[in-house]
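Each chain, written out:
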Amino acid sequence: MASIYANKTYNSFVVEVSFINKRWRFWGFPRRSDAEKFGKQMEDLKTYHKHGLERPTPLVVWLDNLWKNNPEKYNLIVEMGLAEFREQCGTVGELIERFVPYAINGQEPKKRTSIGRRGACNVLLNFLARQKAGNFRRDARALKLASNIPAKEITPEIAEKFYRDWVSVGDSNG
């Protein structure tokens, strides 16, 4: 069970989790309820890890949000052995280079899957470079600039526009 302590010096709460004969402390929760929620999630993580079960979607989403919003706490969970290490992608080009060969459940993608992923990445780069759909004469300079866009700048609004302008066009033709 995760223990919760008040840190009176900083007017916050601390969650202490025991795992494999070691105590891990997570600092800086402004409210007791935040610390209790975090402690509950940590206990769930430990249970799924102990029994070798696949994590349910809400727990995976919680880990994803923790990685995005609080990488220090996420990295501590990685040190514990309860989560996988994730590296921040700097640019869209780096993200694409990692995505194409990305193994799922330890299994390398088949050639056809890699070709499909590469095609999807090319469509995304064309969109970010503001190339017209179906343009076979691509501007290499614009594509290079698009691949150097910081990955953090890709917002949900950009993704929605990409889907509306590029992906849905292909759906209506089929």
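Residues numbered from 1 in each chain as written. Predicted model: local features only at pLDDT ≥ 70, side-chain atom pairs only at ≥ 80, totals over all residues. Heavy atoms only, no water.

### Notes on the packing of helix α4 (residues 92-99) against helix α5 (residues 111-128)
Put simply, the rule is: Orientation is described by axes fitted as lines to C-alpha atoms, over the contacting stretch for helices, and by angles from 0 to 180 degrees between their N-to-C directions. Secondary structure counts use DSSP, requiring at least four H or I residues in a row for a helix and at least two E residues in a row for a strand, with both numbered from the N terminus. Throughout this description, any angle smaller than 35 degrees is read as roughly parallel, any larger than 145 degrees as roughly antiparallel, any in the 65 to 115 degree range as roughly perpendicular, and the remainder as oblique. Note on contacts: a residue pair is in contact if any heavy atoms of the two residues lie within 4.5 Å. When residues are sorted by character, Ala, Val, Leu, Ile, Met, Phe, Trp, Tyr, Cys and Pro go into the nonpolar class, Asp, Glu, Lys and Arg into the charged class, and all the rest, Gly among them, into the polar class.
Running from N to C, α4 and α5 cross one another at 170 degrees; their axes reach a closest spacing of 10 Å. Our classification of the angle between α4 and α5 gives roughly antiparallel. Every residue of α5 that contacts α4 at Val-92, Ile-96, Glu-97 and Phe-99 is listed here: Arg-117, Arg-118, Cys-121, Leu-125 and Leu-128. Taken together, the residues of the contact of α4 with α5 sort by class into six nonpolar, no polar and three charged.

### Description of the sheet that holds strand β1 (residues 3-7)
Here is the rule we go by: The pairing criterion is simple: DSSP has to find at least two bridges between the two strands.
Read across the sheet, three strands follow the order β1-β2-β3 without closing on themselves; strand pairing throughout is antiparallel. Whereas interior strands pair on both sides, the edge strands pair on one side only; in this sheet they are β1 and β3 (23-29). Across the sheet, the axes of successive neighbouring strands diverge by a mean angle of 25 degrees, strand direction being ignored. In this sheet, β3 lies alongside strand β2 (residues 12-18) in antiparallel orientation, the contact comprising five bridges. Bridging from a neighbouring strand, Val-17 pairs with Trp-24 of β3. Contacts from helix α1 (residues 32-51) reach β1, β2 and β3, with the element oriented near 15 degrees to β2. Lying over the sheet, helix α3 (residues 71-80) contacts β2 and β3, oriented at roughly 170 degrees with respect to β3.

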